[in-house]
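This is what each chain is made of:
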Amino acid sequence: KAGVTQTPRYLIKTRGQQVTLSCSPISGHRSVSWYQQTPGQGLQFLFEYFSETQRNKGNFPGRFSGRQFSNSRSEMNVSTLELGDSALYLCASSTTVGNTIYFGEGSWLTVV
Amino acid sequence: KQEVTQIPAALSVPEGENLVLNCSFTDSAIYNLQWFRQDPGKGLTSLLLIQSSQREQTSGRLNASLDKSSGRSTLYIAASQPGDSATYLCAVNTGNQFYFGTGTSLTVIP
């Protein structure tokens, strides 16, 4: 069974640009959540989607947005990039809230 | 807001030793708790999930316990091996989201 797949793995963007990251969950998983990991702040929750609906949202500015498609694949978008957005962005999937979550390898974003 | 703390931040042990990693959380109203390991530059690998009604879970050389009333969980690793070297994170699920600790960086010396 394929795991959680995130693309791209690495990317470099310039301040002010926008970026879209993609996540394909494990087959059959309908819950997808996103996290930002930085050395200073650790792992922080961005948002969670279930059946195309955003159910929960972390404490991030509106520049961070996401969506989920009918096949459970999810994308997150960050607009007007800032240097502080440089981080590892991790996607996780599960069958539903409360069950084991499985992470992808992450997308490394560097903003210059 | 749930806060999760892991002590120690770093731990170095000789191969073969048994060790305990600690995780504490401030709000006992949790849904479950999950332990992960993270290798450098990689995503997180799930190790064990303990539901709020459970006291412990075991998988191979790993045993995780949960004391919800005192806000504590421990991860016991038996007979440590160099391949166990990684960062170990605990995450508390409140039903809405997971709150992560900052992790314990474990080094097992051959």
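Residues numbered from 1 in each chain as written. Chains lettered and ligands numbered in written order. Predicted model: local features only at pLDDT ≥ 70, side-chain atom pairs only at ≥ 80, totals over all residues. Heavy atoms only, no water.

Glancing now at the overall build of chain A. Broken down by element type, chain A carries zero helices and eleven strands. The order of α-helices and β-strands along chain A, N terminus first, is β-β-β-β-β-β-β-β-β-β-β. In summary, chain A has a C-alpha radius of gyration of 13 Å against a globular reference of 13 Å for 112 residues, a match within 12%. Oriented by its inertia axes, the alpha-carbon framework of chain A measures out at about 35 × 25 × 25 Å. At a minimum sequence separation of 6, the contacts of chain A that also span at least 24 residues come to 53%. A gap of 2 Å separates the mean positions of the 10 positive and 6 negative side-chain charges of chain A. (Helix = DSSP H or I, 4+ residues; strand = E, 2+ residues; numbered from the N terminus. Rg over C-alpha atoms; globule rule 2.2 N^0.38 Å. Contact = heavy atoms within 4.5 Å. Lys, Arg positive; Asp, Glu negative; His and termini not counted. Charge placed at Lys NZ, Arg CZ, Asp CG, Glu CD.)

One finds B:Leu33, B:Trp35, B:Leu75, B:Ile77 and B:Tyr88 to be the most contacted residues of the largest nonpolar core, which totals 24 residues. In contact with B:Leu33, not counting residues within four places along its chain, are B:Cys23, B:Phe25, B:Leu48, B:Leu49, B:Ile50, B:Leu66, B:Ser73, B:Cys90, B:Ala91 and B:Val92. Counting residues in hydrophobic clusters, the runner-up holds 21 residues, among them A:Cys23, A:Phe60, A:Val78 and A:Cys91. (Core = buried A, V, L, I, M, F, W, Y, C linked by side-chain atoms within 4.5 Å. Buried < 20%, exposed > 50% of the residue type's maximum accessible area, 1.4 Å probe, protein only.)

With that settled, consider the packing of aromatic side chains. Residues and elements named next belong to chain B. Applying the stated rule across the entire model yields nine aromatic pairs over all chains. Here Phe-36 and Phe-100 contribute two aromatic rings whose centre-to-centre distance is 5.7 Å and whose plane-to-plane angle is 40 degrees, an arrangement assigned as tilted. With Phe-36 in strand E4 (residues 32-38) and Phe-100 in strand E10 (residues 98-100), this pair connects stretches of sequence that are 64 residues apart. Phe-100 shares its class with Phe-36; the two are buried. (Phe/Tyr/Trp six-rings, centres within 6.5 Å; stacked < 30°, edge-to-face > 60°.)

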